[in-house]
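# Results of the structural survey
Chain by chain, the residues:
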Amino acid sequence: MSNPFTDACVALVLGIGTGLLLSVGAQKMLNSYYKDTCNARPNHNLIYTQGALGDTYYCIHSKYL
């Protein structure tokens, strides 16, 4: 027999886990894109930060630095 509390907890854990995995994958794709294209943009710098999802790169215009 199924327990509603257990079912809700399992659904919550699976949802959070799936969301985190998708976020890490999307961040890796964005990192690759910024590394490949930032140098071609005039007056832009590649910025590296380390966050909860791992390494993060941003392509930021020089006037904002």
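The paragraphs below set out a description of the structure included in this document.

The rules behind the values
Residues numbered from 1 in each chain as written. Predicted model: local features only at pLDDT ≥ 70, side-chain atom pairs only at ≥ 80, totals over all residues. Heavy atoms only, no water. Phe/Tyr/Trp six-rings, centres within 6.5 Å; stacked < 30°, edge-to-face > 60°. Buried < 20%, exposed > 50% of the residue type's maximum accessible area, 1.4 Å probe, protein only. Helix = DSSP H or I, 4+ residues; strand = E, 2+ residues; numbered from the N terminus. Contact = heavy atoms within 4.5 Å.

### A closer look at the packing of aromatic side chains
Evaluated as defined, the whole model comprises two aromatic pairs. Measuring from ring centre to ring centre gives 5.8 Å for Tyr33 and Tyr34, while their planes differ by 55 degrees; the resulting arrangement is tilted. A relative accessible area of 43% places Tyr33 in the partly exposed class. You can call Tyr34 partly exposed: its relative accessible area is 23%. Ring centres of Tyr48 and Tyr57 lie 5.3 Å apart, and the angle between their planes is 50 degrees; on these two criteria the pair is classed as tilted. Overall, Tyr48 belongs to the partly exposed group, its relative accessible area being 42%. With a relative accessible area of 17%, Tyr57 lands in the buried category.

### Quick word on the side chain of Gln27
Inspection of the secondary structure assignment puts Gln27 in helix 1 (residues 4-37). We classify Gln27 as buried; its relative accessible area is 16%. Those residues in contact with Gln27, other than ones at most four positions away along the chain, are Asp55, Thr56 and Tyr57.

### A closer look at unusual backbone geometry
The residue Asn43 is not glycine, and still its phi comes out positive at about 65 degrees. When you line up the elements, Asn43 lands in the loop between helix 1 and strand 1 (44-51). The exposure class of Asn43 is exposed, given its relative accessible area of 53%.

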